[in-house]
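This is what each chain is made of:
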Amino acid sequence: MARILVTGATGLIGAPVTRQLVELGHSIIAQDLFLNPGRLGAAADEVELVRGDVTDLVGLLSTLKRGKVERIVHLAGAVADTIVPMQVVMANCVGTTNVFEAARILDVERVCWASSSGVYGRSQEYGATGLLDEDQLVGPFTVYRASKVTCEQVSLAYRDQYDLDVVGIRPVTSYGVGRLGSGSGLIADTVRRVALGEPAVFPAMFGPREAKWQPMYAADIARTFVAGVLVPRPEHVIFNAPVSEILTVGETLETFRQVVPDAHLDLATMGAAESSADIPLLDGSRAQRELGVVPEYTFRTAIEEMISIYRQEQAATV
Ligand SMILES: NC(=O)c1ccc[n+]([C@@H]2O[C@H](COP(=O)([O-])OP(=O)(O)OC[C@H]3O[C@@H](n4cnc5c(N)ncnc54)[C@H](O)[C@@H]3O)[C@@H](O)[C@H]2O)c1
């Protein structure tokens, strides 16, 4: 069993990663800038909770050394573009380089960290190539996306220059009970409203009814990071999420109606950006092959689980 530091441990993906690693019997230091132990459930009592900032290299070194950390899952950072681009660069580029540097100095055996499917450009830039694999050129068009490309390049350099064992995973939009309201939290918001019988809209960011997207439940992307930190050294360094399901937005709305037939649900009103939204679709076969992870949930089974959780939470408050 390994001693593992999870950064961003009480976030949307970090919480299920931490819970899963505890279930497998590993010894975990759960680090977050804004610790929210409630997200860890019973696992909160099994881990060492540390409030820490990945932009603080000295603090990171001290946590790793004191905790005799052998492996790291690095999920902390800015998860979208903020109104202050420098915050994104600090949290992602500086924070992630600090994690690589601390791991190099202290001979950490493996760092598995979160890049993003946002490294790719708009799908029309790829023509009719079908699903994008990891050999396709990246084309980031925001500071957040560019920060992830920078971290990928830095990870490759640490691997080549210092033989650091690094595994980068590119999650697609991953949803689950946890963050509400922005990015993938918009999906959770929709599921929660449908669960509680409130009027809901499916977020416009996925585009019009015929647009396609690849759902990935937080528990499944968490299993990918768990495999990424534990499997014997894989051949590659960068992996698309091991996606398999592809849904149109219309099929997504239909799935909601199959699960909750009287749902008050529609597609959010779209602006020009969303009506032409065009999200590249990923080939997830490399991660399936080398990390041995295939999603266990479909969109339908995932929202069934989320709806059940939200209804139980509401019942507990009345
Ligand atoms: N959820 C998705 O759909 C998605 C998609 C692509 C990539 N990712 C990447 O996966 C990673 C995890 O995302 P998430 O959805 O769990 O996000 P999240 O916001 O739920 O969790 C991130 C956690 O990091 C913590 N954090 C932020 N800055 C920190 C710092 N400087 N030091 C220590 N902790 C800090 C936050 O408090 C938060 O708990 C991120 O790197 C994100 O960019 C997520």
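Residues numbered from 1 in each chain as written. Predicted model: local features only at pLDDT ≥ 70, side-chain atom pairs only at ≥ 80, totals over all residues. Heavy atoms only, no water.

Comments concerning the site of the ligand
What surrounds the ligand is a group of 27 residues, the closest being Leu-12, Asp-32, Asp-53, Tyr-144 and Ser-174. The contact in question runs from a nitrogen atom of the ligand to an N or O atom on the backbone of Leu-33, over 3.1 Å. The protein chains hide 90% of the 830 Å² of surface that the ligand would expose on its own. Elements with a contribution of two residues or more to the shell around the ligand: β2 (27-32) and α4 (143-162). For the shell around the ligand, the class distribution of residues is 13 nonpolar, 10 polar and four charged. (Near = heavy atom within 4 Å. Polar contact = N/O pair within 3.5 Å; in protein donor to acceptor, adjacent residues only side chain to side chain. Areas by Shrake-Rupley, 256 points an atom, 1.4 Å probe, with all protein chains shown as cover. Helix = DSSP H or I, 4+ residues; strand = E, 2+ residues; numbered from the N terminus. Nonpolar A, V, L, I, M, F, W, Y, C, P; charged D, E, K, R; others polar.)

Description of the domain arrangement of the protein
The extent of an interface is frequently quoted as the accessible surface area lost upon association of the parts. The assigned domain composition of the protein is domain 1 (3-174 + 215-244 + 281-296) and domain 2 (176-212 + 246-278 + 301-317). Domain 1 and domain 2 are separated by 26 Å when their C-alpha centres are compared. At the interface, 14 residues of domain 1 touch 15 residues of domain 2. Summing the contributions of domain 1 and of domain 2, the shared interface buries around 1,200 Å²; its carbon and sulfur component is 61%. Class assignment of the residues belonging to the side of domain 1 that touches domain 2 gives a composition of seven nonpolar, five polar and two charged. (Domains from an automatic or database assignment. Contact = heavy atoms within 4.5 Å. Buried area = accessible area lost by both parts, 1.4 Å probe.)

A word on the packing of aromatic side chains
Applying the stated rule across the entire model yields 14 aromatic pairs. With centroids separated by 5.3 Å and ring planes inclined at 45 degrees, the aromatic side chains of Tyr-158 and Tyr-162 adopt a geometry described as tilted. Of this pair, Tyr-158 and Tyr-162 both sit in helix α4, four residues apart, roughly one helical turn. Relative to Phe-299, the ring of Trp-213 lies with its centre 5.6 Å away and its plane at 75 degrees, an arrangement referred to as edge-to-face. Here Phe-299 lies in helix α10 (residues 299-317) and Trp-213 lies in strand β9 (residues 212-213), a separation of 86 residues in the sequence. We note that Trp-213, like Phe-299, is buried. Here the aromatic residues Tyr-175, Phe-202, Phe-206, Trp-213, Tyr-217, Phe-256, Tyr-297 and Phe-299 are joined through ring pairs into a cluster of three or more. (Phe/Tyr/Trp six-rings, centres within 6.5 Å; stacked < 30°, edge-to-face > 60°. Buried < 20%, exposed > 50% of the residue type's maximum accessible area, 1.4 Å probe, protein only.)

Section: the environment of Arg-71
As for its placement among the helices and strands, Arg-71 is situated in strand β4 (residues 71-74). For the pair Arg-71 and Ile-4, spaced 67 residues apart in sequence, the C-alpha separation works out to 4.8 Å. With residues near it in sequence (within four places) discarded, Arg-71 still touches Ala-2, Arg-3, Ile-4, Leu-5, Val-108, Glu-109, Arg-110, Val-229 and Leu-230. Separated by 3.2 Å, the side chains of Arg-71 and Glu-109 make a polar contact.

Observations concerning α10
Counted at 1.5 Å a residue, the expected span for α10 with its 19 residues is 27 Å, and the 27 Å between its end C-alpha atoms agrees. Residues of α10 that are buried include every one of Phe-299, Ala-302, Ile-303, Met-306, Ile-307 and Tyr-310, and no others. Down the axis, α10 shows its buried residues gathered within 130 degrees of arc, on one side only. Opposite the buried face of α10, at more than 90 degrees from it, the exposed residues are Gln-312 and Ala-316. The secondary structure elements touched by the buried residues of α10 are β7 (174-175), α5 (185-195), β9, β10 (216-217), β12 (247-248) and α7 (249-259). (Expected span 1.5 Å × (residues − 1). Arc of directions from axis to C-beta.)

Looking at the nonpolar core
Counting 42 residues, the largest nonpolar core has Val-6, Val-17, Leu-21, Val-73 and Phe-225 as its most contacted members. Within the residue set of this core, elements represented by two or more residues are β1 (3-7), α1 (14-23), β2, β5 (110-114), β6 (166-170) and α6 (218-230). Per-element accounting of this core gives the leading share, six residues, to α6. Those residues in contact with Val-17, other than ones at most four positions away along the chain, are Val-6, Val-73, Leu-75, Ala-222, Phe-225 and Val-226. Counting residues in each nonpolar core, the second largest holds 27 residues, with Ala-188, Ala-195, Trp-213 and Ala-263 among its members. (Core = buried A, V, L, I, M, F, W, Y, C linked by side-chain atoms within 4.5 Å.)

Quick look at the state of the cysteines
Two cysteines form a disulfide when their sulfur atoms are joined by a covalent bond. Taken as a whole and assessed by the stated rule, the structure comprises zero disulfides. Looking at Cys-93, it has no disulfide partner, and the nearest cysteine sulfur is the one in Cys-151, 4.7 Å off. According to the relative accessible area criterion, Cys-93 is buried, its value standing at 14%. (Disulfide = S-S within 2.5 Å.)

Remarks on the pattern of salt bridges
Throughout the structure, instances matching the rule amount to 16 salt bridges. Across the pair Glu-48 and Arg-3 runs a salt bridge, and its minimum N-O distance is 3.0 Å. One end of the pair, Glu-48, is in strand β3 (residues 48-51); the other, Arg-3, is in strand β1, and 45 residues separate them in sequence. Asp-266 is paired through a salt bridge with Arg-209; the nearest N and O atoms lie 3.2 Å apart. (Salt bridge = Lys/Arg side-chain N within 4 Å of Asp/Glu carboxyl O.)

Notes on the sheet that holds β6
In space, the seven strands of this open sheet follow the order β3-β2-β1-β4-β5-β6-β11, with parallel pairing throughout. Each having just a single partner strand, β3 and β11 (238-240) make up the two edges of the open sheet. Ignoring strand direction, the axes of neighbouring strands in this sheet form an average angle of 15 degrees. Packing of α1 onto the sheet brings it into contact with β1, β2 and β4, and relative to β1 it is tilted by some 165 degrees. (Pairing = 2+ DSSP bridges. Axes fitted to C-alpha atoms, helices over the stretch in contact; angles between N-to-C directions.)

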